[in-house]
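In case you want the letters, here they are:
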Amino acid sequence: MGPMKGHASAPGKIILCGEHAVVYGRPAIALPLSGIRAHASVTAGAAGLGIRFDAPDLRRRWLLSAAPNDPLSALALTTLRRLEAVEMPDIQITVTSDIPIASGLGSGAAIATAIVRALAAVFGRDLSAAEVSALVYESEQRYHGTPSGIDNTVIAYEQAIWFQRRSEPPHLIEPLSIAAPFTLLIGDTGVRSATRLPVGEVRRRWQNDPARYEALFDQVADVVHQARRALAEGDVAALGPLLIRNQNLLEQIGVSSPELERLVAAARRAGAAGAKLSGGGWGGVMIALVDPETITPVRTALLEAGATQVLETIVSASA
Ligand code: PMV
């Protein structure tokens with residue numbers, strides 16, 4: 001084994017369209033946020049202490065041996081097994097992140113991805129994106145029960161993806177073709193929302209009235225298919241109305257919130273071509289499609305409507 005050192009990072013993500021319906025087998029489109037990242041650094045630790053975690057942003061520090069069931073401890077153990085480590089290394093794993101937590105930006109999956117890759121680096125191994133994604137998926141299940149797998153996938157591959165869950169892996173994962181770049185503003189409601197809560201509520205509603213929810217999910221799928229076509233054709237103008245339709249469906253599915261709707265309305269009034277919540281909902285972030293003329297007024301409107309921060313991402317053209 002080489003020196004007990006390694007570092008890795010992983011991006012945040014947003015879901016452009018298709019969240020929630022994606023848990024029920026419909027397609028969704030997700031984009032990496034390469035400028036906003038989580039980092040994991042492995043350094044040598046005290047002899048005999050095993051793995052120590054230090055997560056200053058989460059204000060947490062713990063020994064794996066004292067909290068083996070913690071999701072990140074469990075992730076490290078599974079990763080070591082995957083790396084065929086014969087004994088527990090004495091290391092410190094320091095985790096930092098620029099990604100706001102519980103806001104739909106994939107902070108949990110990004111932290112987990114960075115940890116898996118940093119451990120692989122320590123063991124001189126290069127895991128494939130598919131392998132990293134599978135390890136992180138297992139860890140995500142500890143946080144929210146029935147994740148679709150889209151977060152770990154877009155973050156591990158770090159490219160725009162079309163994702164469709166199948167009942168058994170492998171899920172359908174395709175790189176997305178984007179013919180013309182576009183810009184999104186990401187407005188944070190400042191309301192922290194754990195994804196498993198709206199996901200659980202949607203499941204209860206679906207169980208009570210499957211026909212209604214299956215029909216809503218089908219309408220979301222239709223939006224996502226049209227969005228794929230618009231992106232492939234470089235038809236950015238078609239994208240705005242699709243985001244608006246997706247927001248409307250998410251409201252009917254029951255995962256929007258007054259804070260999200262205030263930001264969506266403010267963005268649209270200020271000229272955004274489209275806007276919707278992104279991710280689990282009930283809080284977290286929304287996205288707004290802007291152009292060079294509307295970017296400044298939309299940013300100002302979001303802040304005036306109560307956004308705690310506004311991030312910008314330019315989605316570049318791809319294959
Ligand atoms: O992690 P979030 O909040 O971006 O939500 C993920 C998207 C959902 O479709 C709501 C859940 C899932 O597992 O796909």
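Analysis parameters
Residues numbered from 1 in each chain as written. Predicted model: local features only at pLDDT ≥ 70, side-chain atom pairs only at ≥ 80, totals over all residues. Heavy atoms only, no water. Pairing = 2+ DSSP bridges. Helix = DSSP H or I, 4+ residues; strand = E, 2+ residues; numbered from the N terminus. Axes fitted to C-alpha atoms, helices over the stretch in contact; angles between N-to-C directions. Contact = heavy atoms within 4.5 Å. Near = heavy atom within 4 Å. Polar contact = N/O pair within 3.5 Å; in protein donor to acceptor, adjacent residues only side chain to side chain. Areas by Shrake-Rupley, 256 points an atom, 1.4 Å probe, with all protein chains shown as cover. Nonpolar A, V, L, I, M, F, W, Y, C, P; charged D, E, K, R; others polar. Domains from an automatic or database assignment. Buried area = accessible area lost by both parts, 1.4 Å probe. Salt bridge = Lys/Arg side-chain N within 4 Å of Asp/Glu carboxyl O. Expected span 1.5 Å × (residues − 1). Buried < 20%, exposed > 50% of the residue type's maximum accessible area, 1.4 Å probe, protein only. Core = buried A, V, L, I, M, F, W, Y, C linked by side-chain atoms within 4.5 Å.

S.K.: Is there a simple way to think about the sheet that holds strand β10 (residues 285-290) in this case?
M.R.: Across the sheet, which stays open at both edges, the four strands sit in the order β9-β10-β8-β11 with antiparallel pairing between neighbours. The open sheet terminates on both sides in strands that have one partner only, identified here as β9 (274-278) and β11 (309-315). Pairs of neighbouring strands in the sheet enclose a mean axial angle of 25 degrees, with direction left out of account. The pairing of strand β8 (residues 182-188) with β10 spans six bridges and is classified as antiparallel. Paired with L184 across the two strands is L289, which belongs to β10. Relative to β9, helix α7 (residues 236-253) is tilted by about 45 degrees, and along the sheet it contacts β8, β9 and β10.

S.K.: Sorry if this is basic, but what is going on with the site of the ligand here?
M.R.: Residues in close proximity to the ligand total 16 residues, the closest being K13, H20, S148, D151 and T195. One of the backbone nitrogen or oxygen atoms of G104 is found 3.4 Å away from an oxygen atom of the ligand. In the environment of the ligand, an oxygen atom lies 2.8 Å from a nitrogen or oxygen atom belonging to the side chain of T195. Coverage of the ligand by the protein amounts to 96% of the 380 Å² it exposes when considered alone. Of the residues assigned to the shell around the ligand, the class counts are six nonpolar, seven polar and three charged. Both domains that furnish three or more residues to the shell around the ligand are identified here as domain 1 (5-175) and domain 2 (182-315).

S.K.: In this structure, what is going on with the domain arrangement of the protein? I would like to understand it.
M.R.: Note: interface size is frequently given as the accessible area lost on complex formation between the parts. For the protein, the assigned domains are domain 1 (5-175) and domain 2 (182-315). The gap between the C-alpha centroids of domain 1 and domain 2 is 25 Å. The interface is formed by 28 residues belonging to domain 1 together with 41 residues belonging to domain 2. Surface buried jointly by domain 1 and domain 2 totals about 2800 Å² across both partners, of which 68% is contributed by carbon and sulfur atoms. Measuring nitrogen to oxygen at the nearest pair gives 2.9 Å for the salt bridge that ties K276 to E19. Our enumeration of links across domain 1 and domain 2 arrives at 12 residue pairs in polar contact (both at pLDDT 80 or more). Among the elements of the structure, β1 (6-17), β2 (27-44) and α3 (129-144) are those that each provide at least two residues to the side of domain 1 that touches domain 2. For the side of domain 1 that touches domain 2, the leading source of residues is β2, giving six residues.

S.K.: When you look at helix α2 (residues 107-122) in this model, what are you seeing that I'm missing?
M.R.: Every α-helix winds through 3.6 residues per turn, so residues three or four apart in the chain are directed the same way. If you check α2, its first and last C-alpha atoms are 23 Å apart, about what 16 residues at 1.5 Å a residue would give, namely 22 Å. Along α2, 13 of the 16 residues are buried, which leaves the element largely enclosed by surrounding structure. Looking one or two places after α2, you find G124, whose phi comes out positive at around 65 degrees.

S.K.: What is the right way to read the side chain of S148 from this model?
M.R.: On the secondary structure map, S148 appears in the loop between α3 and α4 (150-157). At 3.2 Å, the side chain of S148 and the backbone nitrogen of I150 are in polar contact. The residues touching S148, leaving out its near neighbours within four places in the chain, are V22, V23, Y137, F163, R165 and H171.

S.K.: Help me out: how do you make sense of the nonpolar core in this one?
M.R.: Generally speaking, soluble globular proteins have nonpolar side chains that are buried together. Counting 102 residues, the largest nonpolar core has L16, I29, I115 and F182 as the members making the most contacts within it. The leading source of residues in this core is α2, at 11 residues. When near neighbours in sequence (up to four residues on either side) are disregarded, I29 contacts I14, I15, L16, C17, I161, W162, L176, V224, A227, R228 and L231.

S.K.: Is there a simple way to explain the pattern of salt bridges in this structure?
M.R.: A side chain of one charge can pair with a side chain of the opposite charge when the charged atoms of the two come close. According to the stated counting rule, one finds 14 salt bridges in the structure shown. A salt bridge links D54 to R61, with the shortest nitrogen-to-oxygen separation between them at 3.4 Å. On the basis of relative accessible area, D54 is assigned to the buried category, the value being 13%. The class for R61 is exposed, based on a relative accessible area of 56%. R60 is paired through a salt bridge with D70; the nearest N and O atoms lie 2.6 Å apart. Taken together, the residues R60 in strand β4 (residues 60-63) and D70 in the loop between β4 and α1 (71-82) connect sequence positions 10 residues apart. Here R60 falls in the partly exposed class, since its relative accessible area comes to 34%. Residues joined in a network through salt bridges with shared partners are R26, E214 and D218.

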